[in-house]
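Residue-level structure breakdown
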Amino acid sequence: MIPDYENMFLDKKAASTYGTTAAYSDNVVGNGNGGSAYDPPFLFINVSEAAIAGGNITVVLQTCDAEGFGSNVKDLGTYYVPIGALGTVVKERIPYGGLKFYRLKLTGSASVTGNGKITAGFVPDVDLPL
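Predicted model only: the values in this text are computed from it and were never measured.

So, how was this worked out
Residues numbered from 1 in each chain as written. Predicted model: local features only at pLDDT ≥ 70, side-chain atom pairs only at ≥ 80, totals over all residues. Heavy atoms only, no water. Buried < 20%, exposed > 50% of the residue type's maximum accessible area, 1.4 Å probe, protein only. Helix = DSSP H or I, 4+ residues; strand = E, 2+ residues; numbered from the N terminus. Pairing = 2+ DSSP bridges. Axes fitted to C-alpha atoms, helices over the stretch in contact; angles between N-to-C directions. Polar contact = N/O pair within 3.5 Å; in protein donor to acceptor, adjacent residues only side chain to side chain. Contact = heavy atoms within 4.5 Å. Salt bridge = Lys/Arg side-chain N within 4 Å of Asp/Glu carboxyl O. Phe/Tyr/Trp six-rings, centres within 6.5 Å; stacked < 30°, edge-to-face > 60°.

1. Considerations on the pairing of strand 9 (residues 117–123)
Most of strand 9 is tucked away: six of the seven residues are buried. As defined by bridge partners, strand 1 (residues 8–14) adjoins strand 9 across four bridges and the pair is classed as antiparallel. Following the sheet pairing, Lys13 is matched in strand 9 by Ile118. With seven bridges connecting them, strand 4 (residues 42–48) and strand 9 associate as antiparallel partners. From the neighbouring strand, Leu43 faces strand 9, where its bridge partner is Phe122.

2. Here's the deal with the sheet that holds strand 1
Spatially, 1-9-4-7 is the arrangement adopted by the four strands of the open sheet, whose pairing is antiparallel. Of all strands in the sheet, those with a lone pairing partner are strand 1 and strand 7 (87–93), marking the two edges. Averaged over all adjacent pairs, the angle separating strand axes in this sheet is 10°, with direction ignored.

3. Observations concerning the side chain of Thr63
Residue placement: Thr63 occurs in strand 5 (residues 57–64). Among the residues examined, Thr63 registers a relative accessible area of 0% and is labelled buried. From its side chain, Thr63 meets the backbone nitrogen of Leu99 in a polar contact 2.7 Å long. Thr63 has contacts with Phe69, Asn72, Val73, Lys74, Leu76, Gly97, Gly98, Leu99, Lys100, Phe101 and Tyr102, leaving out every residue within four places of it along the chain.

4. So, unusual backbone geometry
Residue Glu49 is not a glycine yet carries a positive backbone phi of 75°. As for its placement among the helices and strands, Glu49 is situated in the loop between strand 4 and strand 5. Owing to a relative accessible area of 61%, Glu49 belongs among the exposed residues under this scheme. Located in the positive-phi region is Phe69, a residue other than glycine, with phi close to 55°.

5. Here we look at the pattern of salt bridges
Under the counting rule described, the total for this entry stands at two salt bridges. Between Asp26 and Lys13 there is a salt bridge, and its shortest N-O distance comes to 2.9 Å. Placement of Asp26 in the loop between strand 2 (23–24) and strand 3 (29–30) and of Lys13 in strand 1 is noted, with a sequence separation of 13 residues between them. The partly exposed category is assigned to Asp26, whose relative accessible area is 44%.

6. Here we look at the packing of aromatic side chains
Taken as a whole and assessed by the stated rule, the structure comprises two aromatic pairs. With centroids separated by 5.1 Å and ring planes inclined at 85°, the aromatic side chains of Phe9 and Phe122 adopt a geometry described as edge-to-face. Here Phe122 lies in strand 9 and Phe9 lies in strand 1, a separation of 113 residues in the sequence. Owing to a relative accessible area of 0%, Phe9 belongs among the buried residues under this scheme.

7. A look at the environment of Ser111
Within the secondary structure, Ser111 is located in the loop between strand 8 (101–108) and strand 9. Accessibility expressed as a relative area gives 55% for Ser111, which makes it exposed. Through-space distance from the C-alpha of Ser111 to that of Thr21 is 9.4 Å; in sequence the pair is 90 residues apart. Residues in contact with Ser111, not counting those within four places in the same chain, are Tyr18, Gly19, Ala53, Gly54 and Gly55.

The quantities given are spatial measurements derived from coordinates; they are silent on function.
See the structure below:
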């Protein structure tokens with residue numbers, strides 16, 4: 001798996017940034033004129049350096065026609081980063097139905113603690129278990 005940094009939402013962002021109030025990814029990823037790819041990329045979420053503690057993180061993949069995500073925001077999928085997570089926690093194809101832009105909405109079930117760092121983005125391939 002080789003990340004393309006133009007398709008990354010977060011790059012080693014401190015997990016402790018996320019509490020019970022929703023926060024959004026540092027970057028918005030463009031999707032051309034919108035629409036779904038025949039062979040969609042994977043959403044990849046990894047926790048590095050240390051396991052997270054204190055609370056789970058809920059990650060919602062959102063899409064919209066406007067880069068500012070003002071209206072017509074659509075949730076495409078919900079993923080979970082559990083307490084104690086370390087390493088790759090999500091590697092799934094993105095759902096169909098994408099509009100022009102994507103972002104991640106992250107919310108902790110409680111105040112997330114620990115020294116874990118979250119990296120998330122779209123990648124063309126992942127190592128899948130047999």
